[in-house]
Amino acid sequence: MAEPKVGIVMGSQSDWPTMKEAARILDELGVPYEARIVSAHRTPDRLWSYGKEAAGRGLMAIVAGAGGAAHLPGMLASKTRVPVIGVPVQTKALGGLDSLYSIVQMPRGFPVATMAIGAAGAVNGGLMAAQIVALSDPGLAGRIDGWRDDLSASIPEEPRDE
Ligand code: RP5
């Protein structure tokens, strides 16, 4: 297995059904990645080491998903210059608006690229990470172009009754 270029991290096992969507698209595009549970609240030391070591280990992007008081993406961004892509996980209590607000409102100086709430955000997080890796990988760039062409071709011109 090739060294991971993308880190997929999440605050809890309960985030995996959402974050699996990021993993699925990276598999499809042939981007090597790792998936880890790294909680800002429950495993702060793990978060610190992950952020500190990310650049040195060759990670080029981190897709970080969390729900509720979703500090994980922002805390990671404060520990690494590797671009962090935040995925707000949908919550039962507040529908994920809590996650979105927690991730999107970063103070000046420590950006997090924030995706949509839920599965669409996780897919787009994976795609965004792949596009970052593709800046220095022409083969991957070609696969992403092909993937986008296929998606466009699959959209019918006229609606039909289901
Ligand atoms: C956050 O709390 C996690 O990212 C998760 O979305 C949320 C709930 O976690 P669990 O109580 O399901 O482990 O830290």
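Please read all numbers here as calculations on a predicted model, not as lab measurements. (Residues numbered from 1 in each chain as written. Predicted model: local features only at pLDDT ≥ 70, side-chain atom pairs only at ≥ 80, totals over all residues.)

## Here's the deal with the overall build of the protein
Looking only at helices and strands, one finds 6 helices and 5 strands in the protein. When the elements of the protein are put in sequence order from the N terminus, they spell out β-α-β-α-β-α-β-α-β-α-α. Relative to a compact globule of 162 residues, whose C-alpha radius of gyration would be 15 Å, the protein shows 16 Å and is just as compact. When the backbone C-alpha atoms are referred to their principal axes, the protein occupies close to 50 × 40 × 30 Å. For the protein, buried positions account for 40% of its 162 residues. (Helix = DSSP H or I, 4+ residues; strand = E, 2+ residues; numbered from the N terminus. Rg over C-alpha atoms; globule rule 2.2 N^0.38 Å. Buried ≥ 20, exposed ≤ 12 C-beta atoms within 10 Å, placed from the backbone.)

## Regarding the confidence of the model for the protein
Low pLDDT marks regions whose predicted coordinates should not be analysed in detail. Overall, the predicted model of the protein reaches an average pLDDT of 97, with 99% of residues at or above 70. Confidence metrics for the complex model read pTM 0.97 and ipTM 0.96. (pLDDT = per-residue confidence, 0-100.)

## Thoughts on the site of the ligand
Taken together, the residues surrounding the ligand are Gly11, Ser12, Ser14, Asp15, Ser39, His41, Ala66, Gly67, Gly68 and Val89. Classifying every residue of the shell around the ligand by side-chain character gives 2 nonpolar, 7 polar and 1 charged. (Near = placed C-beta within 6 Å. Nonpolar A, V, L, I, M, F, W, Y, C, P; charged D, E, K, R; others polar.)

## With respect to the UniProt feature "binding site: substrate" (unreviewed entry) in the protein
As annotated in UniProt, the feature "binding site: substrate" (unreviewed entry) corresponds to Ser12, Asp15 and Arg42 in the numbering used here. Taking the farthest pair of C-alpha atoms as the criterion, the annotated set spanning 31 residues converges on one region, since that pair is 14.2 Å apart. Looking at Ser12, the number of C-beta atoms within 10 Å reads 18, which means it is partly exposed. Leave out the neighbours within four places in its chain, and Ser12 touches Ile37 and Ser39. (UniProt positions renumbered as here; feature names shortened; annotations may be inferred. Contact = placed C-beta atoms within 7 Å.)

## As for the sheet that holds strand β2 (residues 33-37)
Read from one edge of the open sheet, 5 strands run β2-β1-β3-β4-β5, paired in parallel fashion. Across the chains shown, the open sheet's two edge strands, defined by having one partner strand only, are β2 and β5 (113-114). With 5 bridges connecting them, strand β1 (residues 6-10) and strand β3 (residues 61-67) associate as parallel partners. The residue bridging Gly7 from the neighbouring strand is Ile62, located in β3. Packed on one face of the sheet, helix α4 (residues 97-104) meets β3, β4 (84-89) and β5 and runs near 160 degrees to β4. (Pairing = 2+ DSSP bridges. Axes fitted to C-alpha atoms, helices over the stretch in contact; angles between N-to-C directions.)

## So, helix α6 (residues 138-153)
Three- or four-residue spacings in an α-helix give side chains the same orientation, since the helix completes a turn every 3.6 residues. Over its 16 residues, α6 extends 23 Å from the first C-alpha to the last, a length consistent with the 22 Å expected when each residue adds 1.5 Å. The buried fraction of α6 is low, at 0 of 16 residues. (Expected span 1.5 Å × (residues − 1).)

## Looking at the pairing of β3
Most of β3 is tucked away, with 7 of its 7 residues classed as buried. Neither face of β3 is left uncovered, since the one carrying Ala61, Val63, Gly65 and Gly67 and the one carrying Ile62, Ala64 and Ala66 both have all their residues buried. Bridge analysis of β3 against β4 gives 6 bridges, and the strand direction is parallel. Paired with Ala64 across the strands is Gly86, a residue of β4. Handedness of the crossover joining β3 and β4 through helix α3 (residues 72-79) is recorded here as right-handed. (Right-handed = clockwise from strand over helix to strand, strands pointing away.)

## Comments concerning the nonpolar core
Counting 43 residues, the largest nonpolar core has Val6, Ala61, Ile62, Val63, Ala64 and Leu72 as the members making the most contacts within it. Looking at this core, the elements that each hand over two or more residues are β1, α1 (16-29), α2 (44-53), β3, α3, β4, α4 and α5 (119-134). Setting aside chain neighbours within four positions, we find Ala64 in contact with Val9, Leu72, Pro73, Leu76, Val84, Ile85, Gly86 and Val87. (Core = buried A, V, L, I, M, F, W, Y, C linked by C-beta atoms within 7 Å.)

## With respect to the pairing of β1
It is a general feature of regular strands that their side chains alternate between the two faces of the sheet. Most of β1 is tucked away, with 5 of its 5 residues classed as buried. Across the two faces of β1 the burial is the same, with Val6, Ile8 and Met10 and Gly7 and Val9 all buried. Pairing of β1 with β2 involves 5 bridges; the strand directions are parallel. Across the sheet, the residue bridging to Val6 is Tyr33, located in β2.

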